[in-house]
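So you can see what is in the structure, the chains are spelled out below.
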Amino acid sequence: MARPAGARASGASRDPALWVTVAVLWALLALFVLYPLLCLLARVAMDGERLSPGAALAVLGDPNQLRALGNSLLLAALVGVAGTALGFLFALTASRAGFGRGWLAVLDAVTLLPLISPPFTTAIAMIFSFGPRGLITYHVLGLKGVTVYGLASTFFSETVTYFPIAYLTLRPVLAAIDANVEDMALSLGASRFQVFRSVTLPLAIPGLANAFLLLFAASLADFATPLILAGNSFPVLPTQAYLQITGLFDLRGGAVLSFALLVPAFAVFLLQRYWVSRRYYVTVTGKAGARTAVKTVAPWLRPVLLALCLAVAAVIAYFYALLFYASVVVALGANHAWTWRHYHVIFTEGAKAIRDTLVIAGLSMPLGGLYGVVVGYLIARKRFMGRQAMEIVSMLNYALPGTIVGIAYLIAFNDPPLALTGGALLIVACYVFRYSPTGIRATVAQLQQIDPALEEASLGLGASTAMTFRRVTLPLITPAFFAGLGVVFIRSMTAISATIFLVSINWTLITVRILENMTELSLGPAAAFSVLVVAIVYVVIAAIGRLLRALRAPDAVSLGGILGG
Amino acid sequence: MPMSRRRPAPLAAVALVLAGALAWAAPVLAQTGQTVNAYSIWPENWARPMFEEFEKATGIKVNFVRFSSGEALARVIAEKNNPRVDVLFGGPVETHAAGIKEGIFEPYKPSSFAKLPARFRHADGQWVAIADDPLVFMSNNKFLKEANLKPPASWEDLLNPAYKNMLQMADARTSGTAVTRIFSILEVYGRDETRAFDYMKKKRRNVQVYTKSGGGGTLPVGLGQAGAGIFFIVDALDTKAKGYDVSISFPKEGIGTAAEAIALLKGAKNGELGKKLIDWASSPAMQTLYAKHKINFVPAHPDVAVEPSLAEVLKGAKIFPIDDAYAGANRKRIVDRWINEVLNLKE
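All of these numbers come straight from a predicted model, not from anything done at the bench. (Residues numbered from 1 in each chain as written. Chains lettered and ligands numbered in written order. Predicted model: local features only at pLDDT ≥ 70, side-chain atom pairs only at ≥ 80, totals over all residues.)

The helix and strand tally for chain B stands at 14 helices and 11 strands. Every one of the 347 residues in chain B was classed for burial, and the buried ones make up 50%. Long-range contacts, defined here as pairs at least 24 residues apart, represent 77% of the contacts in chain B between residues at least 6 apart. (Helix = DSSP H or I, 4+ residues; strand = E, 2+ residues; numbered from the N terminus. Buried ≥ 20, exposed ≤ 12 C-beta atoms within 10 Å, placed from the backbone. Contact = placed C-beta atoms within 7 Å.)

Right, let's get into the nonpolar core. Of all hydrophobic cores here, the largest spans 282 residues; its most connected members are Val87 and Ile262 of chain B. Of all the elements, helix 9 (residues 192-221) of chain A adds the most residues to this core, at 17 residues. There are two domains that each give this core at least three residues, and those are domain 1 (33-132 + 258-311) and domain 2 (134-257 + 318-343) of chain B. (Core = buried A, V, L, I, M, F, W, Y, C linked by C-beta atoms within 7 Å. Domains from an automatic or database assignment.)

Turning our eyes to something else, we now look at the confidence of the model for chain B. Residue and element names in this part refer to chain B. Residues at a pLDDT of 70 or more form 90% of chain B, whose mean pLDDT is 87. This model gives residues 1-11 a pLDDT under 50, and the stretch forms 12 contacts once residues within four places in sequence are excluded. In this model, residues 26-31 is a region of pLDDT below 50 whose contacts with residues beyond four sequence positions or in other chains number zero contacts. (pLDDT = per-residue confidence, 0-100.)

All names here are of chain A. Between helix 15 (residues 351-381) and helix 19 (residues 437-448), whose axes approach to 7 Å, the crossing angle comes to 40°. As judged from the angle between their axes, helix 15 and helix 19 are oblique. At the point where helix 15 passes helix 19, the crossing takes the right-handed sense. Two secondary-structure elements touch here, helix 15 through Gly368, Gly369, Gly372, Val373, Val375, Gly376, Tyr377, Ile379, Ala380 and Arg381 and helix 19 through Gly439, Ile440, Thr443, Val444, Leu447 and Gln448. (Axes fitted to C-alpha atoms, helices over the stretch in contact; angles between N-to-C directions. Parallel < 35°, antiparallel > 145°, perpendicular 65-115°, else oblique. Left-handed = near helix turned anticlockwise from the far one by under 90°.)

Residue and element names in this part refer to chain A. Tracing the chain through its elements places Tyr435 in helix 18 (residues 424-435). Here Tyr435 falls in the buried class, since 23 other C-beta atoms lie within 10 Å of it. For the pair formed by Tyr435 and Ser364, sequence separation is 71 residues and the distance between their alpha carbons is 9.7 Å. Not counting residues up to four positions away in its chain, the partners in contact with Tyr435 are Gly368, Val487, Val488 and Arg491.

In this model, helix 13 (residues 301-328) of chain A (28 residues) spans 41 Å end to end at C-alpha, consistent with the 40 Å of a helix rising 1.5 Å per residue. Considered for burial, the residues of helix 13 of chain A that qualify are Cys309, Ile316, Phe319, Leu323, Ala326 and Ser327 of chain A. (Expected span 1.5 Å × (residues − 1).)

This brings us to unusual backbone geometry. Residue and element names in this part refer to chain B. Here Asn148, not a glycine, exhibits a phi torsion of approximately 60°, which is positive. Among the structural elements, Asn148 can be located in the loop between helix 5 (141-147) and strand 5 (167-170). The class for Asn148 is exposed, based on 7 C-beta atoms found within 10 Å. Positive phi is not limited to glycine here, since Asn165 has a value of about 65°. Mapping Asn165 onto the fold places it in the loop between helix 5 and strand 5. You can call Asn165 partly exposed: it has 17 C-beta atoms within 10 Å.

Next up on the list: the domain arrangement of chain B. Residue and element names in this part refer to chain B. Looking at chain B, the domain boundaries give domain 1 (33-132 + 258-311) and domain 2 (134-257 + 318-343). Centre-to-centre separation of domain 1 and domain 2, based on C-alpha positions: 26 Å. Residue-level contacts link 15 residues of domain 1 with 18 residues of domain 2. Looking at the side of domain 1 that touches domain 2, the elements with two or more residues in it are helix 3 (69-78) and helix 4 (93-102). Looking at the side of domain 1 that touches domain 2 element by element, the count peaks at three residues for helix 4. Of the residues in the side of domain 1 that touches domain 2, the class split is six nonpolar, five polar and four charged. (Nonpolar A, V, L, I, M, F, W, Y, C, P; charged D, E, K, R; others polar.)

Quick look at the structure:
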């Protein structure tokens, strides 16, 4: 029962296609993940020609930095738990409460918003709503002297921003748990709660662990939200690292602080790996049973679940209504006259940024989707030398704060023979290797639910690995492919922390323009850009959703589902 | 697996969008004429009109991208061996001072060099100033009215408990504005560090948040999320011009000012064009244009008159320059002390 998924799969030596794929992947990982980090490490540890890590390490002894590390862990754990819980609530409602498509479309549409928004949007809306003169705290509740900066608001903002990741991770997992299994338990006399506790929940554990890991890592690396909301009483490490580099001009100190983040990121990662990998679940047997109506959620509980989800959705909708409002008034808070001026600005002065961003995202999307599925498939199904190492290395750029990845790329690829800075290729590479791990993990999670016997049968009948992958595995992991592809596209449209160091006079990005507009106090154009990004991503994601629906049984997938399958 | 007939339509749509985006992008690659590349620390809405005027005057196009001072410097240092741009444009002079230690600049003395006062040029020509930017107090009028206060006219006024949790100003770890502010306070207290830090610790209690960028607090003050703050005049007047109801005032004890500088990068690929840009920017040719484009910097070149409405704001204000040598020698120590004793104040 408890055997790792790859244990029965074939080895590399007998299969040239596998061998070539692994070699190419390692070359790419070496070039775009390991090499930049080594360059950065060298810059940190070397003083000229001499090795002197002492000066850099002294940064870690600073009690203020230790406090920041503690704060980071606390925040990441809170966001991980709360976000996973919220994501599970949504996933359960979507897959088990038996609501019609209309309600689910509303939930999907609203939960997508934080995922497809440029950075800062939630944080800005928080300040507008909950500050000393906030719309809610002051104008509605009449509170005075409220402070919005600190742990509570950062936690709230990050949870709202990141919980959709958990939702999209958990929804396909719950959907893949055959309702027949729950049905059987029910008919054998178990209560609904017993079924939930002893069937549904254990089967969802790989997904839950996955979601927690993704949220923990996302919060640990997030610097945009704390930069605006954490204030001075709650410093966190990514912000400290960023300030160390951009403020004190201390590249080494900043790099050391970022490397300190790696330790917790990998502790969680390894924990999850060994904890999850001891559990091996197969509910998809290849023999499609008759579909049964889901009965796990008691009728009285359904409206409660829906009400909770709608309450969260209302909060999100309010934030984005505020954002849209800011884009169509002259100056939010000062002059509320209606205007389209900001949109005119972004389509004239901002046209180049829009064009560049679309080209880069358009290139990153297919490459990232493909890379994610291939790596995920190899990790979950194949046995070859360095499989675990590959899994860890492929997660590196995702786990590291963007500031550090950006600086590492800048140092590594500025000089010949690898002078890639200033070009679009480097930004594309950054996105592919930084944001595909979602696709990798989605693929792994998906494959853990599918019995390797299906593939073994194909291999046993004489098909090659490539053929088996194409004809058997690929159709099974198509949803994961689109999840990965969608996430890479979204991130390409919305990321900033790493790529702010990679934009150049030839290639710029919308998100960098948004930050720029915000430092210029031009909230209007910043909001207009954000609305545009949300609109573009929505359209593309909807197109992919239609494509996916066309590829699968018509009732299986809706707009939000493509991100998780 | 059943296949739907609709399959090709969305595929084609996605392909069409991608192809369109690529076609749209292609013209970017074709560019002709003389071009100089720059990192601008000035926000785009001030840098762009200046560079357009430069192109009009000389035919040289400026290709630029904007970064905050810390980000710009980090990039220039990282790109040291293979510089991607020729000129570092704008930014408080302390950014450039930090760059000298990294050996990233090529000394150049532009045509106006001899005419500039000593504090507006580096002795070896590592940088020259293109503008001067004094600090001011800026407060929200509605907040003042509700709290029954007048615009602060003394550093002591900011200690009033009425401001508790309502001040925003910049963080000295990231902002030149903040460093200038701290050295202003030191000057006000005759460089008596004990008294100056005593004052800052008291003021800390009224500070809601220290912002990353120098102008980061202007919008919150404009909106009333904060009551008042200390900013560069150029940011403060811009806030006022955007329609926010704010007052600008100066402390009677005096307040500091910082020069904005320009520098040529070592190994610049278009060095000669970069020098032309520096010649132009450090001369009246550019600095007389500030008024036309409503940029409220004080010109650095002595031949350029201060625009009348700006002069009106500055009238009667006691403004002193920050002593470069003193600030340079003590910057790191003072900022470290500020982080430990003020920012992370334990009570």
